Amino acid sequence: MSNFAIHDAAGVIGSVIVIIAYFATQAGWFSASDPRFAWANLAGAVLIIFSLLMDWNLAAFIMEIFWILISLFGLARYYLQR
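Note that the coordinates shown come from a computational prediction; the quantities given were computed from them, not determined experimentally.

### Describing the environment of Gly44
- In this fold, Gly44 is placed in helix H2 (residues 35-54).
- For the pair Gly44 and Ala9, spaced 35 residues apart in sequence, the C-alpha to C-alpha distance is 12 Å.
- Leave out the neighbours within four places in its chain, and Gly44 touches Gly14, Ile17 and Val18.

Below is the structure:
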């Protein structure tokens, strides 16, 4: 664990944010249309991508890009409907 760097911490924090957001949705604390859900997923994906830029994984990178795009879609939909 002595090689644990800032990008590793960012990836772990990003993963925790995404997991908590998903759990909150499953527990009924957030709905899928709640902007907090999209913001949490966006923040988590950005942190995970930061970690992936240091330790490359193409499949995970593609997943996070789509996670960001879907989150942005949800946020745009929410704020444009207000």
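From this point, the discussion proceeds with the structure in view.
### Section: helix H3 (residues 58-80)
- For H3, spanning 23 residues, the distance from its first C-alpha to its last is 33 Å, which sits close to the expected 33 Å at 1.5 Å a residue.
- For H3, the complete set of buried residues consists of Glu64, Ile68, Ser71 and Leu75.
- On its buried side, H3 packs onto H2.

### Considering the layout of surface pockets
- Within this model, the largest pocket holds a volume of roughly 350 Å³.
- Looking at the largest pocket, it is lined by 18 residues, and the ones nearest its centre are Ala32, Phe37, Ala38, Ile70 and Gly74.
- Broken down by secondary-structure element, the contributors of at least two residues to the lining of the largest pocket are helix H1 (6-26), H2 and H3.
- The dominant element in the lining of the largest pocket, judged by the number of residues it contributes, is H3, at 8 residues.

### Focus on the packing of aromatic side chains
- Taken as a whole and assessed by the stated rule, the structure comprises 3 aromatic pairs.
- Consider the rings of Trp56 and Phe61, whose centres lie 4.8 Å apart with planes at 45°: the pair is tilted.

What counts as what
- Residue numbers here run from 1 along each chain, matching the order of that chain's written sequence.
- Only residues with pLDDT of 70 or above have their local features reported here, since the model is predicted, and side-chain atom pairs are shown and tallied only from 80 upward, although totals for entire chains, interfaces and linings are computed over all residues.
- Computation of side-chain values covers all heavy atoms of the structure but excludes hydrogens and water.
- We count a stretch as a helix when DSSP gives it H or I for four or more residues in a row; a strand needs E for two or more, and each element gets its number in order from the N terminus.
- Any pair of residues with heavy atoms lying within 4.5 Å of one another is described as a contacting pair.
- One fewer than the residue count of a helix, multiplied by 1.5 Å, yields its expected span.
- Classification of residues uses two cut-offs on accessible area relative to the type maximum, computed with a 1.4 Å probe and protein chains only: under 20% is buried, over 50% is exposed, and between them is partly exposed.
- Computed over the protein atoms alone on a 1 Å grid, cavities are sets of points where a 1.4 Å probe fits but cannot get out and pockets are open sets with protein on both sides within 12 Å along at least five of seven lines; a residue lines them when it has an atom within 4 Å of a point.
- Grid points are joined across faces, edges and corners, and a volume is the space filled by probe spheres set on the points.
- Whether two aromatic rings pair depends on their centres lying within 6.5 Å, for rings of Phe, Tyr and Trp, where Trp uses its six-membered ring; planes under 30 degrees apart make the pair stacked, over 60 edge-to-face, and the rest tilted.

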